[in-house]
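Spelled out, the chains give:
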Amino acid sequence: MFEFLQPNFLYLIIPIIILVVFLYFKKSNTQVFWAFEDLKLIYKNNSVSYKLYYFVIGLIFILSIIIFAQPIVKNSQEKIEKNGIDIMVALDVSLSMQAEDLRPNRIEAAKNIIVKFLDTLVSDRVWLVVFSWKPFTSIPLNFDYEVSKNMVDKITTKILDQSVQGLNGTAIWDAIIFAWDSFDNQNRQKVLILVTDWSANVWIDPIMAAKYLKDNSQKNPIKIYTIGIWWKENATIKYQHPLGFTQNLEVEWVDEQTLIQIAELSNAKYFRAENTQWLESIFQEISDIEKTPIETQNYESITSISKHFVYFLVILFGIFLVIRLRKKI
């Protein structure tokens, strides 16, 4: 919707039009305003240039007034009800995700499928979390899938500086508790998709976290789908040693039994993602979960379009100068 922030300025257009018309028809040579000095000596009253001169000056004043009135385009707010679920994707970014048993490597394979999964969403809110020793919010709960996909594309194992003490490792316990603390208490279906390629090698047994969620979210349970993203047990990563040389390090395999128990405690499933086709089927099943109503608020946005009038004003000034500087002046 086109509007003006200062519409009272527009009333000035009326006297400006009256003034320009008055000066155009005035026959005397009296100097009324600097812009019209000796105008009658330069152009004849019936010449095209004479009429164009007055027309351009009038437009310059009118456009200046419009710019002062601050033209905008406004998009009004509205409430929309969508049927969906709340989904948190917790992606393991520990160094072992660099292993290349999945192509091009584990983390890139997981990212590709997460992006494809986001493409299937229509009315679900999604939350992106990365974790190693500690979980961090990458994108909060939102409906903006394009922003989420752009953020997923930028994730690497270097997103967290794992050379810092307390940031390396795989703390699945923390990722689960973080989900519990982050979801709101509204009565909607909530899903945690835990994507990892390792065993829980730091902090507390994650099964205890799953039991805690089960005991404390009976009215509004959180389903935990666990995904073990690996293909072979003896996978290796290229480790850049602080002394400058590179070595191949063998990484641990997924603790499948723990991930199976975590999923079963929340009435969900564990999947072993040996290849990208498996991952696609996993996210397809999750997207079929029963939806619940979510009310969203679209807020008003305002975009200034004054710059377009400024461009036009500059062009008019150019025309004005060309008329004034013609050789016959």
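Above this text is the structure in question.
Right, let's walk through the structure included here. Predicted, not measured: the structure shown is a model, and the values here were computed from it.

**Structural notes on the environment of T156**
In step 1: You can see T156 is positioned in the loop between α5 (145-154) and α6 (172-182).
In step 2: Of the residues examined, T156 reaches a relative accessible area of 33% and is grouped as partly exposed.
In step 3: T156 sits 63 residues away from V93 along the chain, and the two C-alpha atoms are 6.8 Å apart.
In step 4: Excluding residues that lie within four positions of it along the chain, T156 makes contacts with V93 and I107.

**Some points on the environment of P71**
In step 1: Within the secondary structure, P71 sits in strand β2 (residues 71-75).
In step 2: We classify P71 as buried; its relative accessible area is 0%.
In step 3: Taking C-alpha positions, P71 is 9.4 Å from K307, a pair spaced 236 residues apart along the chain.
In step 4: Setting aside anything within four residues of it in sequence, one finds P71 in contact with F2, E3, F4, I66, S304, I305, S306 and F309.

**Things to note about the pattern of salt bridges**
As a working rule, side chains carrying opposite charge can pair if their charged atoms are close by.
In step 1: One pass over the structure, following the stated rule, counts 8 salt bridges.
In step 2: Among the ionic contacts, a cluster of salt bridges with common partners joins D101, R106 and D197.

**Considering the nonpolar core**
In step 1: Membership of the largest hydrophobic core comes to 36 residues, with the highest contact counts inside it found for I87, L91, V191, I193, F283 and I286.
In step 2: Listing elements by their share of this core, those giving two or more residues are β4 (86-92), α4 (106-120), β5 (125-131), α5, β7 (190-196), β8 (222-228) and α9 (276-287).
In step 3: Among the elements that line this core, the one with the most residues is α4, at 7 residues.
In step 4: Those residues within four positions of V191 in sequence are excluded, and the remaining contacts are I85, D86, I87, M88, F183, K223, Y225, I286 and I289.
In step 5: Judged by nonpolar contacts, the second largest core, of 26 residues, contains I176, I177, I224 and Y270.

**Looking at unusual backbone geometry**
In step 1: Cis rather than trans, the peptide bond between R103 and P104 has omega equal to 0°.
In step 2: Even without being a glycine, Q70 presents a positive backbone phi close to 60°.
In step 3: Its place among the elements puts Q70 in the loop between α3 (48-68) and β2.
In step 4: Unusually for a residue other than glycine, N267 sits at a positive phi of about 60°.
In step 5: Positionally, N267 belongs in the loop between α8 (256-265) and β11 (270-272).

**So, a nonpolar patch on the surface**
In step 1: Judged by side-chain polarity, L52, F55, F312, I315 and I319 come together as a nonpolar surface patch covering roughly 460 Å² of accessible area.
In step 2: Listing elements by their share of the nonpolar patch, those giving two or more residues are α3 and α10 (306-324).
In step 3: The biggest single contributor to the nonpolar patch is α10, with 3 residues.
In step 4: Its location among the elements puts F312 in helix α10.
In step 5: Accessibility expressed as a relative area gives 39% for F312, which makes it partly exposed.

**Concerning the pairing of β5**
In step 1: Most of β5 is tucked away, with 7 of its 7 residues classed as buried.
In step 2: Bridge count for β4 against β5 is 7 bridges, and the pairing is parallel. Bridging across to β5, D86 finds its partner in R125.
In step 3: As paired elements, β5 and strand β6 (residues 135-142) share 5 bridges and run antiparallel to each other. Residue pairing in the sheet places V130 in a bridge with F136 of β6.
In step 4: In sequence, β5 turns back onto β6 through a hairpin of 3 residues.

Parameters and conventions
- Residues numbered from 1 in each chain as written.
- Predicted model: local features only at pLDDT ≥ 70, side-chain atom pairs only at ≥ 80, totals over all residues.
- Heavy atoms only, no water.
- Helix = DSSP H or I, 4+ residues; strand = E, 2+ residues; numbered from the N terminus.
- Buried < 20%, exposed > 50% of the residue type's maximum accessible area, 1.4 Å probe, protein only.
- Contact = heavy atoms within 4.5 Å.
- Salt bridge = Lys/Arg side-chain N within 4 Å of Asp/Glu carboxyl O.
- Core = buried A, V, L, I, M, F, W, Y, C linked by side-chain atoms within 4.5 Å.
- Patch = residues over 30% accessible without salt bridge, like charges linked within 9 Å, V, L, I, M, F, W, Y side chains within 5 Å.
- Areas by Shrake-Rupley, 256 points an atom, 1.4 Å probe, with all protein chains shown as cover.
- Pairing = 2+ DSSP bridges.

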